[in-house]
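Structure at a glance
The chain contents come next:
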Amino acid sequence: MRYRIKRVDPFWLKTPVVPGLALAAAAVALFAARSGRLPVAAAAAAVCGVAVFLATKPALSGVFAVFGLLGGVVTFLAAPSAGLSPLMRALATAGFSLFYMVLMDGVVLAVSAIYNLFARAGLGGLRLDLENPV
């Protein structure tokens, strides 16, 4: 059996408000960071992260959070981090996990949107060849 994948759907909340909010908050964060307004940049980045998190299906976010946690444990807990207290190591691990989750959620959303655009334009797509179980 052959199946063609016409659309990849990792989106959870499918309203245009969520991606619009994410893009607007990312723009505000970039402009605020360039102008030296770090509290505004941090708040806008947090809003962008929440919007990206809400746009992605929870299973994907969970997988990326686990990978981020593993990376944070290896980087900050298992490897010697000079000058960091145990509390700071734990906070760095949690922060790394959250940042990695949001970053990878955004990458998956962008890649799937680009794939869907090309697949709709008639450029083909992935094809799965499945066999019937015996």
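Residues numbered from 1 in each chain as written. Predicted model: local features only at pLDDT ≥ 70, side-chain atom pairs only at ≥ 80, totals over all residues. Heavy atoms only, no water.

Another aspect to go through is the overall build of the protein chain. Secondary structure assignment for the protein chain yields 4 helices and 2 strands. Beginning at the N terminus, the succession of helices and strands in the protein chain can be written as β-α-α-α-α-β. A globule of 134 residues ought to have a C-alpha radius of gyration of about 14 Å, yet the protein chain, at 19 Å, is considerably larger. Taken over the C-alpha atoms alone, the protein chain extends approximately 60 × 40 × 20 Å along its principal axes. Burial status across the protein chain gives 22% buried among its 134 residues. Across the protein chain, the 11 positively charged side chains and the 4 negatively charged ones have centroids separated by 12 Å. (Helix = DSSP H or I, 4+ residues; strand = E, 2+ residues; numbered from the N terminus. Rg over C-alpha atoms; globule rule 2.2 N^0.38 Å. Buried < 20%, exposed > 50% of the residue type's maximum accessible area, 1.4 Å probe, protein only. Lys, Arg positive; Asp, Glu negative; His and termini not counted. Charge placed at Lys NZ, Arg CZ, Asp CG, Glu CD.)

Within the structure shown, the criterion is met by 1 salt bridge. The residue Lys-14 makes a salt bridge to Asp-9 at a minimum N-O spacing of 2.9 Å. The exposure class of Lys-14 is exposed, given its relative accessible area of 55%. (Salt bridge = Lys/Arg side-chain N within 4 Å of Asp/Glu carboxyl O.)

What follows deals with the layout of surface pockets. Its volume calculated, the largest pocket comes out at about 310 Å³. Lining the largest pocket are 17 residues, and of these Phe-11, Pro-19, Ala-22, Ala-55 and Leu-109 sit closest to its centre. When residues of the lining of the largest pocket are traced back to their parent elements, those giving at least two are helix 1 (17–34), helix 2 (38–55) and helix 4 (86–120). Of the volumes computed, that of the second largest pocket is approximately 240 Å³. Every element with two or more residues in the lining of the second largest pocket is listed here: helix 1, helix 2 and helix 4. Broken down by element, the lining of the second largest pocket gets its largest block of residues, 5 residues, from helix 4. For the lining of the second largest pocket, the residue count by class is 10 nonpolar, 2 polar and no charged. (1 Å grid on protein atoms, 1.4 Å probe; cavity = no way out; pocket = protein on both sides within 12 Å on 5 of 7 lines; lining within 4 Å. Points joined across faces, edges and corners; volume = space filled by probe spheres on them. Nonpolar A, V, L, I, M, F, W, Y, C, P; charged D, E, K, R; others polar.)

Taken by themselves, the reported measurements are silent on function.
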